[in-house]
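# Architecture and fold: a report
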Protein chains: 2
Amino acid sequence: MRISELSERSGVAVATVKYYLREGLLPAGRSVGATRAEYDETHLARLRLVRALVEAGVSVAQARRVMEALDSPPTSRHDLLGKAQYALPAPHADVEVSPEVRSLLVDLGWSVSPDAPALHSLTGAVEAARAAGVPVSPTTLRSYARATEEIARVDLASVPTDDLASALHRVVAGTVLVDPVLASLRRLAQEHFSGTG
Amino acid sequence: MRISELSERSGVAVATVKYYLREGLLPAGRSVGATRAEYDETHLARLRLVRALVEAGVSVAQARRVMEALDSPPTSRHDLLGKAQYALPAPHADVEVSPEVRSLLVDLGWSVSPDAPALHSLTGAVEAARAAGVPVSPTTLRSYARATEEIARVDLASVPTDDLASALHRVVAGTVLVDPVLASLRRLAQEHFSGTG
């Protein structure tokens, strides 16, 4: 398809598609003639993912790193989650992992790489909440962690098992784009239990 | 305390504190002399909350609405969650609530106001995920919802029961600031189950 059709089917303006091409977020099309290029369904899928990441607040530079990870899919299913997560932006990367977070993982029996970016993000997020007057006790944190185990099981059950490249696409997109789904559900559940509790 | 101490204890620069005062995010201090004002612990708590909201990506205009809600605390515990949620920024406010989302709530047995902002946010978030190649089946959505019930129970258990004004502060801050805690825990749980699954 031409760039105009790519734009129409993705809902992304032609100028923005060209910007993503220049920024390396989208691979170049196949040249047909001096000034025209031809794109296919893989471009469309990639473009929709870039758009969704950017709309979810991921910067263009971060999205480029994610796309680079997608371009070198892992060789085993075991690497899949690691590859996806380490490519995704993780807030508070400069915060040192707290002893509390390390011992929480031991308590939970979770086996996680000692340099997982989410360990820094978790430490920073807990500190930020406490600094703003939300105490988040160790017991509360543990209860939250147990609740997220069920979410992670659902996440993993929906990853395709056939093709590692499409599984990676799914994990990356699902990790970022399901967070707002969960945040909305949490608010609705709060309202429900608040009324009936 | 003086503005310099307020700045020091909150870690927010004096110029930023002044900006928040001008924007109405922080109530004025008690005037002592022509050019000086005195602040107290309530200013400090409010300033830390504003800072945390802004760092979590809430705009200054949205934060002002949250602060206005905090200035008129609800008269009953029942109103508390509603008041907090309706003041907080909710993405996709202009997206019409889908029949799928309405029937999900019926299935779940959740009793929620028909104009809850999170209904729009949920519809928009599910659409955005699907558009980017994350299918989110109705069954998956229902499983996520069940997992968030446990999170909401933990949320509600940690709201103070004595004082409605501080309970509102806690709910507002907790709603926004616990989302990143849960997102980090979800990534760690994914990594754990991915390795052992």
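Source: prediction; values computed, not measured. (Residues numbered from 1 in each chain as written. Chains lettered and ligands numbered in written order. Predicted model: local features only at pLDDT ≥ 70, side-chain atom pairs only at ≥ 80, totals over all residues. Heavy atoms only, no water.)

## Side note on helix α6 (residues 99–108) of chain B
Residue and element names in this part refer to chain B. All buried positions along α6 are accounted for by V101, L104, L105 and L108. For α6, the arc enclosing every buried residue in end-on projection is 95 degrees, short of the 170-degree limit, so these residues lie on one face. More than 90 degrees from the buried face of α6, the exposed residues found are P99 and V106. Positive phi shows up at G109, right after α6, with a value of about 75 degrees. (Buried < 20%, exposed > 50% of the residue type's maximum accessible area, 1.4 Å probe, protein only. Helix = DSSP H or I, 4+ residues; strand = E, 2+ residues; numbered from the N terminus. Arc of directions from axis to C-beta.)

## Topic: the environment of A:H43
Residue and element names in this part refer to chain A. Among the structural elements, H43 can be located in helix α3 (residues 41–55). We classify H43 as buried; its relative accessible area is 7%. In this structure the C-alpha to C-alpha distance between H43 and V95, which are 52 residues apart in sequence, comes to 37 Å. Residue contacts for H43: discarding those within four places in its chain leaves L6, L26, P27, A28 and G29. Engagement of the side chain of H43 in a polar contact is seen with the backbone oxygen of P27, the distance being 3.2 Å. (Contact = heavy atoms within 4.5 Å. Polar contact = N/O pair within 3.5 Å; in protein donor to acceptor, adjacent residues only side chain to side chain.)

## Thoughts on the interface of chain B and chain A
Tallying the contact residues gives 68 residues for chain B and 68 residues for chain A. Carbon and sulfur atoms supply 70% of the area buried between chain B and chain A, which totals about 6,200 Å² over both sides. When the area that chain B buries against chain A is broken down by residue, the three leading residues are B:Y144, B:R186 and B:L188, summing to 11%. With its nearest N and O atoms 2.8 Å apart, the salt bridge here joins A:R186 to B:D155. At the surface where chain B touches chain A, the tally comes to 24 residue pairs in polar contact (both at pLDDT 80 or more). For the side of chain B that touches chain A, the elements supplying multiple residues, two or more each, are α3 (41–55), α5 (77–87), α6, α7 (117–131), α8 (138–157) and α9 (164–196) of chain B. (Buried area = accessible area lost by both parts, 1.4 Å probe. Salt bridge = Lys/Arg side-chain N within 4 Å of Asp/Glu carboxyl O.)

## Things to note about the packing of helix α1 (residues 3–10) of chain A against α3(A)
All names here are of chain A. For the pair α1 and α3, the least separation of the axes is 10 Å and the interaxial angle reads 45 degrees. Taken together, the axis directions place α1 and α3 in an arrangement best described as oblique. Regarding α1 and α3, the two cross each other, and that crossing is right-handed. Along its contact with α1, which presents L6, R9 and S10, the element α3 presents E41, H43, L44, L47 and R48. (Axes fitted to C-alpha atoms, helices over the stretch in contact; angles between N-to-C directions. Parallel < 35°, antiparallel > 145°, perpendicular 65-115°, else oblique. Left-handed = near helix turned anticlockwise from the far one by under 90°.)

## A few points about the pattern of salt bridges
Residues and elements named next belong to chain B. Counted under the stated rule, the structure contains 26 salt bridges over all chains. With its nearest N and O atoms 3.0 Å apart, the salt bridge here joins R9 to E41. Of this pair, R9 sits in helix α1 (residues 3–10) while E41 sits in helix α3, placing them 32 residues apart in sequence. Residue classification places R9 among the partly exposed positions, given a relative accessible area of 36%.

## A few points about the relation of the copies chain B and chain A
Note on the copies: chain B fits chain A at an RMSD of 0.0 Å, the axial shift is 0.0 Å, and the rotation between them is 180 degrees. Here the two chains are linked by the operation of a two-fold rotation axis. The position closest to the rotation axis in chain B is occupied by the C-alpha of B:A147, lying 3.0 Å away. Residue by residue, 100% of the interface of chain B is reproduced at the interface of chain A, so both copies engage with the same surface. (Least-squares fit on C-alpha atoms with pLDDT ≥ 70 in both.)

## Notes on the nonpolar core
Counting 129 residues, the largest nonpolar core has A:W110, A:L122, A:L188, B:W110, B:L122, B:L185 and B:L188 as its most contacted members. When residues are assigned to domains, this core turns out to be shared by domain 1 (1–71) and domain 2 (76–197) of chain B, each giving three or more. In contact with A:L188, not counting residues within four places along its chain, are B:L105, B:W110, B:V112, B:A116, B:A118, B:L119 and B:L122. (Core = buried A, V, L, I, M, F, W, Y, C linked by side-chain atoms within 4.5 Å. Domains from an automatic or database assignment.)

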